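Coordinates in review
The residues making up each chain are set out below.
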Amino acid sequence: MKRPLVIISGIGPSHSGTGALMQWLVAAATGDASIQFVYKRERGRNLRNLIRYVINRTGFRWMVRRAAKSEGEVILFHPQTIGLRPLRDIVAARDHTWMYVLDASTFCLRSYNCLPAESAPCLRCLGNDGSAAGINGCVNGFGSGPFQKYLPGWVRSGKLRLIAQCETQAELLRAHFGRETHVAVVPLAVPDITPPQGDFVRPKRERPLVVYHGACNPAKGIAHAVSLAKLMPDWDFLLPSSLHDLNRDFGHLGLYPSNLITQSMGWTSGLSEQVKMADLVLCPSSWSAPVEGAVLKSLAHNGLVGLYVHDTSFAAEVPPEARVAIDPRDLEGTAARLRRLISNPDEGAAIRSAARRFITHYAEQSQSMLTSLRSTCGLT
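The notes below deal with the structure included here. (Residues numbered from 1 in each chain as written. Predicted model: local features only at pLDDT ≥ 70, side-chain atom pairs only at ≥ 80, totals over all residues. Heavy atoms only, no water.)

A few words on the overall build of the protein chain. Across its full length, the protein chain carries 15 helices and twelve strands. The C-alpha radius of gyration computed for the protein chain amounts to 21 Å, which stays within 12% of the reference 21 Å derived for 380 residues, consistent with globular compactness. When the backbone C-alpha atoms are referred to their principal axes, the protein chain occupies close to 65 × 50 × 45 Å. Residue burial in the protein chain is summarised as follows: out of 380 residues, 53% are buried. Considering only intrachain contacts with a sequence separation of at least 6, the fraction spanning at least 24 residues in the protein chain is 69%. Accessible surface for the protein chain amounts to roughly 17700 Å². Of this, 52% is attributable to carbon and sulfur atoms. One way to put it: in the protein chain the 42 positive side-chain charges average out to a point 10 Å from where the 31 negative ones average out. (Helix = DSSP H or I, 4+ residues; strand = E, 2+ residues; numbered from the N terminus. Rg over C-alpha atoms; globule rule 2.2 N^0.38 Å. Buried < 20%, exposed > 50% of the residue type's maximum accessible area, 1.4 Å probe, protein only. Contact = heavy atoms within 4.5 Å. Areas by Shrake-Rupley, 256 points an atom, 1.4 Å probe, with all protein chains shown as cover. Lys, Arg positive; Asp, Glu negative; His and termini not counted. Charge placed at Lys NZ, Arg CZ, Asp CG, Glu CD.)

Structure (structure tokens):
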């Protein structure tokens with residue numbers, strides 16, 4: 001019988017972010033009794049699911065302690081939502097524990113390492129005690145603060161072993177915890193990244209349509225999309241967020257150009273079709289983003305994707321010929337390049353072709369994520 005693998009997550013299966021990853025992993029493990037999951041359930045909408053939710057949350061720490069005694073291997077996902085006390089229980093109970101790193105919370109109090117007034121990733125707290133966070137007024141918005149006190153000791157002692165999503169993230173982890181830190185790389189599985197089959201012809205428009213694919217969060221680069229819209233009044237820019245959410249972060253309607261379209265939608269509620277039909281998609285994250293589902297889905301379903309490339313982000317691993325460079329420090333130059341690109345269909349077709357090759361290869365690699373996790377942990 002196979003040695004067991006236990007996956008513990010503070011976020012349960014759902015339709016976005018870490019929840020979508022958990023949903024994929026649970027489905028991929030169907031029929032394999034050697035793989036066990038412990039996670040926090042989402043709040044249910046009916047009485048039966050609400051009761052399950054209450055029981056799950058009440059007994060979560062007990063379930064974690066029991067899982068920590070497994071004779072197999074344990075992998076943690078999203079420790080912020082697992083909670084510090086349960087996390088300490090796990091690490092103390094085992095010779096070693098694995099952690100799949102999902103964001104920049106290992107060194108950044110914000111988890112998205114980008115200051116609101118800056119366009120490039122912030123690396124002030126990388127490789128040190130993080131005191132710059134206080135100087136810059138960083139808030140502990142995602143619960144990462146309490147863990148940072150313990151992570152360096154656990155990692156350097158070997159009690160906590162790290163798994164990164166990509167090589168750029170692995171290099172960041174080495175830069176923070178020490179060059180000798182061993183970090184395995186297992187590509188993140190993302191649903192809906194297989195390129196559609198057959199030919200597709202986008203509608204011809206008098207006004208090109210640009211779709212921003214990302215959350216209404218400054219670190220995701222939404223401000224860059226708004227700024228480009230101001231510079232390109234003869235193009236239309238769609239933001240899949242409500243005006244309320246946009247106002248919350250960026251002020252009042254009077255500051256927005258008339259060619260900016262706001263409409264709250266998710267991937268399965270209209271956004272996928274908008275991405276497919278767009279002349280260009282923007283995913284200009286300004287933090288050291290590892291693998292982002294928005295980027296991969298946009299490459300798969302459109303292929304002409306604007307990325308802000310930084311050497312600490314996954315965007316740098318997308319080949320230059322398969323991406324469109326967005327430079328937040330020179331948006332006027334970026335706007336000029338986008339105009340030239342759209343006026344040259346052959347260039348756009350070449351980029352889309354290269355993007356398809358890249359995303360097809362990535363999809364093939366990531367489909368074996370569960371097998372790769374087992375192999376990384378020594379479970380063959």
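There's more to say after this.
Below, the discussion takes up the packing of aromatic side chains. According to the stated counting rule, one finds five aromatic pairs in the structure shown. Plain terms: the ring middles of Tyr112 and Trp287 are 4.6 Å apart, the flat faces sit at 55° to each other, and that makes the pair tilted. Separated by 175 residues along the polypeptide, Tyr112 in the loop between β4 (97–100) and α5 (132–135) and Trp287 in the loop between β10 (280–283) and α12 (293–301) bring together distant segments of the chain. Ring centres of Phe314 and Tyr362 lie 5.9 Å apart, and the angle between their planes is 65°; this geometry places the pair in the edge-to-face category. (Phe/Tyr/Trp six-rings, centres within 6.5 Å; stacked < 30°, edge-to-face > 60°.)

Here we come to helix α8 (residues 167–177). The buried fraction of α8 amounts to eight of the eleven residues, a majority that puts the element mostly inside the structure. Turning to α8, its buried residues are Thr168, Gln169, Ala170, Leu172, Leu173, Arg174, His176 and Phe177. The inward-facing, buried residues of α8 contact α7 (151–157), β5 (160–164) and β6 (183–185). Looking one or two residues beyond α8, the residue adopting positive phi is Gly178, at roughly 130°.

Let us now look at the sheet that holds strand β8 (residues 236–239). Across the sheet, which stays open at both edges, the six strands sit in the order β9-β8-β7-β10-β11-β12 with parallel pairing between neighbours. Each having just a single partner strand, β9 (260–262) and β12 (324–325) make up the two edges of the open sheet. Of the strand pairs in this sheet, strand β7 (residues 209–212) and β10 are connected by three bridges, and their pairing is parallel. Opposite Tyr212, over in β10, you have Leu282 as the bridge partner. Strands β7, β8, β9 and β10 of the sheet are contacted by helix α9 (residues 222–231), whose axis makes an angle of about 155° with β8. Strands in contact with α12 are β10 and β11 (305–307); relative to β10, the strand with the most contacts, it is inclined by about 165°. (Pairing = 2+ DSSP bridges. Axes fitted to C-alpha atoms, helices over the stretch in contact; angles between N-to-C directions.)

A word on the pairing of strand β3 (residues 73–77). Of all five residues that make up β3, five are buried, and the element is covered over most of its length. The pairing of strand β1 (residues 5–9) with β3 spans five bridges and is parallel. Bridging across to β3, Ile7 finds its partner in Ile75. Pairing analysis gives three bridges linking β3 to β4, with the strands arranged parallel. Counterpart to Leu76 in the pairing with β4 is Met99.

What follows concerns the nonpolar core. Formed by 53 residues in total, the largest nonpolar core has its most connected members in Leu25, Ile75, Phe77, Tyr100, Met369 and Leu373. With six residues, the top contributor of residues to this core is helix α14 (residues 345–366). Once residues within four sequence positions are removed from consideration, Ile75 is found in contact with Leu5, Val6, Ile7, Ile8, Trp98, Tyr100, Ile163, Leu373 and Cys377. Listed in part, the 26 residues of the second largest apolar core include Val64, Val74, Leu160 and Ala164. (Core = buried A, V, L, I, M, F, W, Y, C linked by side-chain atoms within 4.5 Å.)

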